[in-house]
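# Chain and residue survey
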Amino acid sequence: MSEPVLNYLKENRERLIGKLEKFLAIPSISTEQAHKEDVLKAGRFVADYLKEIGFNSVEIKETAGHPLVCGEWLEAQDAPTALFYGHYDVQPADPYELWNSEPFKPEIRSGKIFARGASDDKGQVFMHLAVLEAYMKTEGRLPVNVKVCIEGEEEIGSENLYPFLEKNKEMLSADFALISDSGMVDKGQPTMLYGLKGFTGLEINVKGPDRDLHSGLYGGAVRNPAMALSHILASLKDDEEHVTVPGFYEDVEELPEDERKLMNEAPGENYVETVGIPETVPERGFTVNEHIMARPTLEINGLTSGYQGEGTKTIIPSSASAKLTCRLVPGQDPQKIQDLLVSYIEENAPKGVTVSVRREPLSAKAYKVDPNHPLLKKAADSLSEAFGKETVFVRLGGSIPVVEQIDQLFNIPVVLLGFGTPEDNLHSPNESFPLEHFDKGMEVLATYYKEAGSLK
């Protein structure tokens, strides 16, 4: 990488951290209408920073919800174009009483910066902007052409993003996309993310009598909706974590041995210690790492029925409901999985109750890029150089819908270069980001932008 760029980042570290703290102090909570102006304020912060850096064109694009910030710098002749995506909105901070410092008054302690958005995603977005600033201030140009699309609705489902991308496909066209909205398998362990799971879900509602009934007077005559729902749910999986819905695995791509090797070489979390369980239960025939990264899942996320107060209330509840979600792998189509689940649930509905299913409208397909792609190899080399360790390659059990959207619309590789850690407390009280990752991450990005510029 350019030594002047690295020196600039070191010499301006305190100023950059101060600027990041101002960004983090904006309570840009996208889900709360009361913070609508704060979300816009955070968008303006990004737009103003891009203008300061020297981007030729910067605009705040209005949507039906919160706006997007778009900008571009396209003066690197014979160099590829990167589309950098991120988000400036954050999750709500409550429960506030569990924070050890104010969530929107950033505080540095124990080598970390604590604030809502420190890791997800303001801190990581800021790192890119700081590196782009360093290049422009030292070399007067960027090593690649850069288009920027930073949104304000990621934490509420990015409802307006896909229509915007589709409408502005030509404006945002690029050779590859770059996203830092993820993390590493462990603090200090460079990690190259080359796949994400897809997502879909539904809600099951079971209706019985028109009111709660006395269990002594009606038990034995009336089907209990909670019991009926329990039968349905219990039938969805066997005791070896294998989903029993016919056709569920039909389109799942076979997991190659070389990918199994990559997955099992990655450090695994000690779940017995970290989440307090007696043992792990991966699907039969697969390790925990393989199941998390490359096998589909079906989970119950919530159950509601009957009396929840203190003591006992002897009733047959009038209704019961459950929320389910599936994490999907390459080859699986969310619509088809919903169809299979709905058919199975309706066919196995117990007598004496009415069963209905509401489909989750937000779905996404899985994403995977060849781990040997030159853009990923360059990124892995940049990570290894900065962190002093061999980079591990993993697929994430979570979902980032925008990745699949970019893949579908633009047909370009998406480089997922994240610097978060399992200790960052995303979406929880005391969210933080290690300053070591802030420093080394910017070194990675500075090297990577330069290396990516040499690929075309």
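The structure contained in this document is the topic of the report that follows. Just so we're clear, the structure is a prediction, and the values are computed from it rather than from any experiment. (Residues numbered from 1 in each chain as written. Predicted model: local features only at pLDDT ≥ 70, side-chain atom pairs only at ≥ 80, totals over all residues. Heavy atoms only, no water.)

## A few points about the sheet that holds strand β11 (residues 297-305)
As a reminder, the rule being used: Between any two strands, pairing holds if DSSP finds at least two bridges. Strands are runs of DSSP state E lasting at least two residues, helices are runs of H or I lasting at least four, and both sets are numbered from the N terminus onward. Each axis is a line fitted through C-alpha atoms, and for a helix only the stretch in contact is used; angles between axes span 0 to 180 degrees, taken between their N-to-C directions. We call two residues in contact when some of their heavy atoms are within 4.5 Å.
If you trace the 4 strands from one edge of the open sheet to the other, you get β11-β13-β9-β14, paired in antiparallel fashion. Two strands lie at the open edges of the sheet, namely β11 and β14 (354-359), each paired on one side alone. On average, adjacent strands in this sheet sit at an angle of 20 degrees to one another, irrespective of strand direction. Against the sheet, helix α11 (residues 334-347) touches β9 (198-207), β11, β13 (319-328) and β14, its axis set at about 20 degrees to β9.

## Brief notes about the environment of K137
Considering the arrangement of structural elements, one finds K137 in helix α4 (residues 122-139). Separated by 129 residues in the primary sequence, K137 and Y8 place their C-alpha atoms 8.3 Å from one another. Excluding its chain neighbours within four sequence positions, the residues that come into contact with K137 are Y8 and E52.

## Focus on the packing of aromatic side chains
In plain terms, the rule: We call Phe, Tyr and Trp rings a pair once their centres come within 6.5 Å, taking the six-membered ring for Trp, and we label the pair stacked below 30 degrees between planes, edge-to-face above 60, and tilted otherwise. Buried means the residue's accessible area, taken with a 1.4 Å probe over protein chains only, is under 20% of the maximum for its type, while exposed means over 50%, and partly exposed covers the values in between. A ring is scored as having a charge over it whenever the NZ atom of a lysine or the CZ atom of an arginine sits within 6 Å of its centre and within 35 degrees of its normal.
For the coordinates displayed, the defined rule picks out 6 aromatic pairs. Measuring from centroid to centroid gives 5.1 Å for F248 and Y249, while their planes differ by 85 degrees, and the two rings are edge-to-face. Of the two residues examined, F248 and Y249, each falls in the buried class. Taken together, the aromatic side chains of F23, F45, Y49, F126 and F438 make up a single cluster linked through ring pairs. Its end group placed over the ring of F114, R109 keeps NZ or CZ at 3.8 Å from the ring centre.

## Observations regarding a nonpolar patch on the surface
In plain terms, the rule: Patch building starts from residues that exceed 30% relative accessible area and form no salt bridge, then joins like charges within 9 Å and nonpolar side chains (Val, Leu, Ile, Met, Phe, Trp, Tyr) within 5 Å. Residue exposure ignores everything except the shown protein chains as possible cover, and the areas themselves are Shrake-Rupley values with a 1.4 Å probe. Salt bridges are defined as contacts in which a side-chain nitrogen from Lys or Arg sits within 4 Å of a carboxyl oxygen from Asp or Glu.
Together, V272, V275 and I277 make up an exposed nonpolar region whose accessible area comes to about 210 Å². Counting through the fold element by element, V272 comes out in helix α9 (residues 271-274). According to the relative accessible area criterion, V272 is partly exposed, its value standing at 39%.

## Side note on the side chain of S384
Its location among the elements puts S384 in helix α12 (residues 374-387). On the basis of relative accessibility, which here comes to 19%, the residue S384 falls in the buried class.

## Quick look at the packing of α12 against helix α14 (residues 435-452)
Stated formally: If an angle is under 35 degrees, it is roughly parallel; if it is over 145, roughly antiparallel; if it lies from 65 to 115, roughly perpendicular; otherwise it is oblique. Throughout, a crossing is termed right-handed when the near helix is turned clockwise from the far one, and left-handed when it is turned anticlockwise from it by less than a right angle. Under this grouping Gly is polar, as are all residues other than the nonpolar Ala, Val, Leu, Ile, Met, Phe, Trp, Tyr, Cys and Pro and the charged Asp, Glu, Lys and Arg.
Across the interface, α12 lies against α14 with an axial gap of 9 Å and an inter-helix angle of 140 degrees. As judged from the angle between their axes, α12 and α14 are oblique. By crossing handedness, the relation of α12 to α14 is classed as right-handed. Packed against α12, whose contacting residues are L375, K378, A379, S382, L383, E385, A386 and F387, the element α14 presents H437, K440, G441, E443, V444, T447, Y448, E451 and A452 at the interface. Partitioned by chemical class, the residues of the contact of α12 with α14 number 8 nonpolar, 4 polar and 5 charged.

## Quick look at the sheet that holds strand β5 (residues 112-114)
Taken in spatial order, the 3 strands line up as β4-β5-β18 in an open sheet, and their pairing is antiparallel. Unpaired on one side and paired on the other, β4 (107-109) and β18 (432-434) mark the two borders of the sheet. On average, adjacent strands in this sheet sit at an angle of 25 degrees to one another, irrespective of strand direction.

## Quick look at helix α13 (residues 401-410)
Burial within α13 is extensive, with 7 of its 10 residues counted as buried. Of the positions making up α13, those classed as buried are V402, V403, E404, Q405, I406, L409 and F410. Buried-residue contacts for α13 involve β3 (81-87), α5 (161-167), β7 (176-179), β8 (191-196), β15 (367-368) and β17 (414-416).

## A look at the pattern of salt bridges
Summed over the entire model, instances satisfying the criterion amount to 27 salt bridges. We note a salt bridge from E139 to K450, for which the minimum N-O separation is 3.5 Å. Note that E139 is positioned in helix α4 and K450 in helix α14, a separation of 311 residues in sequence. Relative accessible area serves as the criterion here: at 31%, E139 is assigned to the partly exposed category.

## A short note on the pairing of β8
Counting buried positions over the 6 residues of β8 gives 6, a clear majority of the element. With 2 bridges connecting them, β8 and β15 associate as antiparallel partners. Within the sheet, the bridge partner assigned to G195 lies in β15 and is K368.

## Considerations on α11
Our working rule: The span you would expect from a helix comes to 1.5 Å times its residue count less one. Throughout, the arc means that of the directions going from the helix axis to the C-beta atoms.
For α11, spanning 14 residues, the distance from its first C-alpha to its last is 20 Å, which sits close to the expected 20 Å at 1.5 Å a residue. Within the span of α11, buried status applies to P334, I337, Q338, L341, V342, Y344 and I345. The buried residues of α11 occupy an angular sector of 165 degrees when the element is viewed end-on, so they sit on one face. Close packing links the buried residues of α11 with β9, α7 (225-234), β11, β13 and β14.

## A short note on the nonpolar core
Within soluble globular proteins, side chains that are nonpolar generally end up buried alongside one another. Cut-off, in case you're wondering: What we call a nonpolar core is a set of buried Ala, Val, Leu, Ile, Met, Phe, Trp, Tyr and Cys residues that are connected through their side-chain atoms within 4.5 Å.
Counting 102 residues, the largest nonpolar core has F55 and L417 as its most contacted members. Here this core gets 10 residues from one element, more than from any other, and that element is α4. Once residues within four sequence positions are removed from consideration, L417 is found in contact with Q124, L178, I179, S180, M192, A379, L383, V444, L445 and Y448. Counting 27 residues, the second-largest nonpolar core is a separate cluster that includes V206, V245, L328 and L341.

## Details of the side chain of H291
Mapping H291 onto the fold places it in helix α10 (residues 288-294). Since its relative accessible area comes to 9%, H291 is described here as buried. Setting aside anything within four residues of it in sequence, one finds H291 in contact with K197, E241, P282, E283, F286, P296 and T297.

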